[in-house]
Amino acid sequence: MASLYDTTLGELHRFAALIHIATATPCRYWTGDGYIALPGDDELDPSGQYEGIGVLTEVPAFRQLVGGAAEQVNVTFSGVDTIPKSWVHDPMSDIVGAIMTVGIVFLDEREQIASPVFWIWPGTIDVPSLSRNGNVKSVALTVGSELLDRARAALVMWTNADHQTTHSGDRFFERTAINNPFSEKW
Amino acid sequence: MTLDVFPQELLWPNSLRWFPSRVTDSGGMTEGGLERLAVKDGGGKWGCEYAAPLLTVETIKLARSLISRMRGGSVPILVPFYNAAEGPYPLGAPSDGVPFSDGSSFSDGSLFAADLISISAAAAALRATTLTIDITVSGDLIGGEVFSIVHTTRDEHAYLIDAVNEDGTVDIWPPLREAIPDGTPLNFDTPKCKMIITNPSDAMGAVTPPYLSSLSMTFREAW
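Because the structure is a prediction, the values reported are computed rather than measured.

**Some details on the overall build of chain A**
Broken down by element type, chain A carries two helices and nine strands. Relative to its 186 residues, chain A shows a buried fraction of 36%. Summarising the internal contacts of chain A: among those between residues at least 6 apart in sequence, 54% fall at separations of at least 24. Total accessible area on chain A is roughly 11,500 Å²; 54% of this is exposed by carbon and sulfur atoms.

**What about the interface of chain A and chain B?**
Facing the 19 residues of chain A at the interface are 23 residues of chain B. Surface buried jointly by chain A and chain B totals about 1,800 Å² across both partners, of which 47% is contributed by carbon and sulfur atoms. On the chain A side of the interface with chain B, the three residues burying the most area are Asp33(A), Tyr35(A) and Arg110(A), jointly 38% of the side's total. The tally of links between chain A and chain B comes to three salt bridges. Residues Lys45(B) and Asp33(A) are paired through a salt bridge, measuring 3.5 Å at the closest nitrogen-oxygen approach. Counting across the interface, chain A meets chain B through 13 residue pairs in polar contact (both at pLDDT 80 or more).

**Brief notes about the sheet that holds strand 11 (residues 169–173) of chain B**
Residue and element names in this part refer to chain B. The antiparallel open sheet is built from six strands, whose spatial order is 9-10-11-8-7-12. Either end of the sheet is taken by a strand with one partner, and the two such strands are strand 9 (146–150) and strand 12 (184–186). Each strand axis lies, on average, 45° off the axis of its neighbour in the sheet, ignoring direction. Relative to strand 11, strand 10 (residues 156–164) runs antiparallel, the two being bridged by four bridges. Bridge assignment links Leu160 to a residue of strand 11, and that residue is Trp173.

**Points about the sheet that holds strand 1 (residues 4–5) of chain B**
All names here are of chain B. Strand order in the open sheet formed by six strands is 1-6-13-14-5-2, with mixed pairing between adjacent strands. Whereas interior strands pair on both sides, the edge strands pair on one side only; in this sheet they are strand 1 and strand 2 (15–21). Relative to strand 13 (residues 192–197), strand 6 (residues 77–80) runs antiparallel, the two sharing four bridges. For Leu78, the partnering residue across the bridge sits in strand 13 and is Lys194.

**Observations regarding the pattern of salt bridges**
Residue and element names in this part refer to chain B. Scanning the model with the defined rule gives 11 salt bridges over all chains in all. A salt bridge links Asp4 to Arg69; the nearest nitrogen and oxygen atoms lie 2.8 Å apart. Linking Asp4 in strand 1 with Arg69 in helix 1 (residues 57–69), this pair joins segments that are 65 residues apart in sequence. The exposure class of Arg69 is partly exposed, given its relative accessible area of 39%. For Arg17, the salt bridge is made with Glu49, and the minimal N-O distance between the two is 3.0 Å. Note that Arg17 is positioned in strand 2 and Glu49 in strand 5 (residues 45–54), a separation of 32 residues in sequence. The class for Arg17 is partly exposed, based on a relative accessible area of 41%. The exposure class assigned to Glu49 is partly exposed, which follows from its relative accessible area of 32%.

**Describing the nonpolar core**
Grouped burial of nonpolar side chains is what soluble globular proteins tend to show. Residues and elements named next belong to chain B. Counting residues in hydrophobic clusters, the biggest one holds 27 residues, and the most contacted among them are Phe6, Trp18, Met70, Met195, Leu215, Met217 and Phe219. For this core, the secondary structure elements donating two or more residues are strand 5, helix 1, strand 6, strand 13 and strand 14 (213–221). With five residues, strand 5 is the single largest residue contributor to this core.

**Here we look at the pairing of strand 13 of chain B**
Residue and element names in this part refer to chain B. Judged by how many residues are buried, strand 13 sits mostly within the fold: six of six residues are covered. Burial along strand 13 is two-sided: the residues Lys192, Lys194 and Ile196 and Cys193, Met195 and Ile197 are all buried. The sheet contact formed by strand 13 and strand 14 spans three bridges and is antiparallel. Following the sheet pairing, Met195 is matched in strand 14 by Glu221.

**Things to note about unusual backbone geometry**
The omega torsion of the bond from Trp173(B) to Pro174(B) falls at -5°, within 30 degrees of zero and hence cis. The topology assignment puts Pro174(B) in the loop between strand 11 and strand 12. Following Pro209(B), the chain continues to Pro210(B) via a peptide bond in cis, the omega torsion being 0°. For Pro210(B), the position within the fold is in the loop between strand 13 and strand 14. Even without glycine at this site, Ser47(A) takes up a positive phi of about 65°. By the element assignment, Ser47(A) lies in the loop between strand 3 (34–37) and strand 4 (49–52). The phi torsion at Arg127(B) lies on the positive side, around 70°, for a residue other than glycine. Inspection of the secondary structure assignment puts Arg127(B) in the loop between strand 7 (118–121) and strand 8 (130–137). The exposure class of Arg127(B) is buried, given its relative accessible area of 4%.

**As for the environment of His20(A)**
Residue and element names in this part refer to chain A. Following the sequence through the fold, His20 ends up in strand 1 (residues 15–21). Take His20: its relative accessible area is 8%, and that puts it in the buried class. Along the chain, His20 and Pro116 lie 96 residues apart, while their C-alpha atoms are 15 Å from each other. When sequence neighbours within four positions are dropped, the list of residues in contact with His20 reads Pro26, Cys27, Arg28, Leu44, Asp45, Tyr50, Ile99, Met100, Thr101 and Trp119.

Criteria and cut-off values
- Every chain is numbered on its own, with residues counted from 1 as its sequence reads.
- The order in which chains are written sets their letters, starting at A; the order in which ligands are written sets their numbers, starting at 1.
- It should be noted that, the model being predicted, local features are given only for residues of pLDDT at least 70 and side-chain atom pairs only at 80 or more, the latter also being counted only at that level, while totals for whole chains, interfaces and linings use all residues.
- Values reported for side chains reflect all heavy atoms of the structure, with hydrogen atoms and water molecules removed beforehand.
- Going along the chain from the N terminus, every DSSP run of H or I of four or more residues is numbered as a helix, and every run of E of two or more is numbered as a strand.
- Burial classes: relative accessible area under 20% of the type maximum marks a residue as buried, over 50% as exposed, and values in between as partly exposed (1.4 Å probe, protein chains only).
- Whether two residues are in contact is decided by their heavy atoms: any pair within 4.5 Å suffices.
- Only the protein chains shown count as cover for residues, and all accessible areas are computed by the Shrake-Rupley method using a 1.4 Å probe.
- Buried area is understood as the total, over both parts, of accessible area removed when two parts are fitted together, assessed with a 1.4 Å probe.
- Salt bridge, as used here: a side-chain nitrogen of Lys or Arg that lies within 4 Å of a carboxyl oxygen of Asp or Glu.
- Within 3.5 Å is the distance limit for a polar contact, defined as a pair of N or O atoms, with the added protein rule that one can donate a hydrogen and the other accept it, and that residues adjacent in sequence qualify only through two side-chain atoms.
- Here, a strand pair is defined by DSSP locating no fewer than two bridges between the strands.
- Fitted lines through C-alpha atoms give the axes, limited to the stretch in contact for helices. The angle between two N-to-C directions lies from 0 to 180 degrees.
- We define a nonpolar core as any set of buried Ala, Val, Leu, Ile, Met, Phe, Trp, Tyr and Cys residues linked to one another through side-chain atoms lying within 4.5 Å.

Dropping the structure here:
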């Protein structure tokens, strides 16, 4: 099985990153120009066709996550294109919770695919956001790796606000803060 | 959508540059003076710099309306590659047209327009960079010729022959923007490329006495 670290691949100085978003209608973008179709035996997305037409604007650096490490990154898309805008504005969008997978592919001197796609980083999409910097509008997807939730703080304070999100109007935890200075010894 | 064609015959360029637009990363210069480059654009795209003088009121108005119709770069246009000097014409240059069989012309003196170069390609996949061609009428291909293909769904795009192989194939750049069927005609006479303008605000210069201006446009390939 080909490895990302094959010495022969190290001689291929042409590569591109691919982003696959597993929404109901998958979103497929790559950092190259124009369109590219993956081989029919690709392990994630056989024959998937990826767009490089200016929608994917920035792929951040990813870390190799070992020993339970986790990270959260932002992937940036064009804020003037329909699909990224729908992630922010469409209440029926299924982008939150969708799996995003980042891959890398090497090309030969004739710009043809010369390696399998190495799908190296899967994450879960959290929150899309729209921002403007001057006349540049962009949509950022916050994507967390698999163990992100486990990497959060071990102790979390349960507040009345947390309770109200699921039990609106229930006053049971209303006075939690008042009891804060007291510890109950059992 | 039917795309406008840039009226090159009305706005003749005094400077024209087509170039491959590539994106590279460098690994830095070594102490021995070597540098390794990595290309990450998946093949690149065309860029074009087009400059033309505007010496009459008519050309100034034409240029102004043209820039307006490009809507700040949001509406693509077909930009012709100036092939009169470089096309592989059998006699080395394009002719003015084809007369009637008795040698006469139309009442206004014009002749039948005809593609003087007839080359087609066999079926090829998306992003193919080698084409098997069938030459019906053409001069010698030596590499460096530019042609265009009208794709089924992705409009017209220009391609450069960067090598002519002994087995009857040609290597092209950039990779095909869409798969093509058998017998696809390759337009060497009037190749054009779907592009958008990238400097709409600065494309037209000021009008100076005695009412002259200039056009200086930068385009990049569009999808």
